[in-house]
Structures are given as structure tokens and as C-alpha cells.
Amino acid sequence: MRLTDNRYANEKQQFELALRMIQHEARTRTIKACTGLSDDRIRKVYTTYFRNTGQDTIKRRRGKSPQQIGLFVKCPRNQLEATTLVAVFCASLLLRVDRANKVHICWPRPDVEFGHRVCRAFETYVLLHPKHAINFEWAWNLLQNISRNDELYLAVCRQCGGRYVQDAYAIDRRICPSCEISNMHR
Ligand SMILES: [Zn+2]
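Keep in mind that what you see is a predicted model, and the values were worked out from it rather than measured.

**Observations concerning the environment of Val-126**
With respect to the helices and strands, Val-126 occurs in helix 6 (residues 112-128). Judged by C-beta crowding, with 16 C-beta atoms within 10 Å, Val-126 ranks as partly exposed. C-alpha separation for the pair Val-126 and Glu-11, spaced 115 residues apart in sequence, amounts to 28 Å.

Written out as C-alpha cells, the structure reads:
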């Protein structure tokens, strides 16, 4: 039965994404937005696969995603990591930057493919910054926030010409975090 096969394939994808997102400690609300699974099913995935399995390090997070932007611009290191994430989001075709440096989200609304792309982007960022300061939910927040072109924007460095994540309400010295870090060590 083709219809049943398709339904099974869809459920498998939803389920695999839920597992992947739980491993990144994504919030139930975020998992729900991407997978379309109910709270109850997400809870079951969590209890079946992560509770009493020795993988006690994985926490189940509830409530809303963090909303503030302070973490991304707190220090050059975090600013550099936020910039890496935005670059990886662009490479994953989740975001697009236009000629005026405005950021646009490429996905009308979250779905399973979107969720897998966000996971893959986050995993790439973690490989590049093993002691990463930004967790999955903060990365999710950054993805939404940067595409609003409101509190955060892409500034251009006067030293190297590179783009970097900057707070729209902060005084911008037009030095990107990479240049700032290398200037400190000079
Ligand atoms: Zn620079």
C-alpha cells in the first residue's frame, strides 16, 4: 500500500528528527514546530530513548526559547561564534544575505527538512567551535532574530571587509571579532 508506505516514511522522518533534536537538548516547543509531533509523542520518544538509558546528560527542556540577544555580542569570542553560525546557516540555505547585507530566512515555516538542516548546521558549528558558547536553542533564536534585521544585523569590518553579527543598538567600532581577537594578541 503506497499511501501507508508514505505515511510510514513521513513518521520515520519526524521521529528521527525528534531524536536528533532531543540530543541537542532542543525544547519541546521547538521539536513540535519542526516535527509536527504532539507533546505526548515527544515525551514518549524522550522517555523511551533517553531516560534510564545511561544517557543522563540529556535534559528535557520546556518553555520558550531564549529571546535576548546579549549572549551573541557579549564578547568577541561569542560574536565570532554567532558569525560562524550565521555563515553555516547561509551555507545550509536556511538564510540568504542580499547586497545591502540584509538577512532573509529561506524557509516559510519550520518543517522536518528545516529541522534537519538546523541540526546539521548546529553540528557543523560545534565541530568548528568545540567549546561552544551557544547551545541549540540559542542558535535557533539567532536564526530567527538575525532574519528580522532589527536587534541584530550584519556589520562590515573596516580592517578585513568581513561581515559579522552586531547589536543594532551598540556603538559599532566597525572591527569584526576575528580582527579584534588578533589585534589583542599583537
Ligand atoms: Zn575584520
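**Observations regarding the environment of Arg-109**
Its location among the elements puts Arg-109 in the loop between strand 2 (103-105) and helix 6. As for Arg-109 and Cys-34, which are separated by 75 residues in sequence, their C-alpha atoms are 8.6 Å apart.

**Remarks on the pairing of strand 3 (residues 152-156)**
Two strands pair when backbone bridges link them, and strand 3 and strand 4 (residues 163-167) are joined in this way by five bridges, in the antiparallel orientation. Within strand 4, the position partnered with Ala-155 by the bridge is Tyr-164. Hairpin connection from strand 3 to strand 4: six residues lie between these consecutive antiparallel strands, with Gly-161 at a positive phi of about 80°.

**Comments concerning the domain arrangement of the protein chain**
In terms of domains, the protein chain is made up of domain 1 (2-49) and domain 2 (70-184). Each of domain 1 and domain 2 has a C-alpha centre, and the two are 27 Å apart. Contacts between domain 1 and domain 2 engage 13 residues on the former and 12 residues on the latter. Among the secondary structure elements, those contributing two or more residues to the side of domain 1 that touches domain 2 are helix 1 (2-23) and helix 2 (28-35). No other element matches the five residues that helix 1 contributes to the side of domain 1 that touches domain 2.

How each quantity is defined
- Residues numbered from 1 in each chain as written.
- Predicted model: local features only at pLDDT ≥ 70, side-chain atom pairs only at ≥ 80, totals over all residues.
- Helix = DSSP H or I, 4+ residues; strand = E, 2+ residues; numbered from the N terminus.
- Buried ≥ 20, exposed ≤ 12 C-beta atoms within 10 Å, placed from the backbone.
- Pairing = 2+ DSSP bridges.
- Domains from an automatic or database assignment.
- Contact = placed C-beta atoms within 7 Å.

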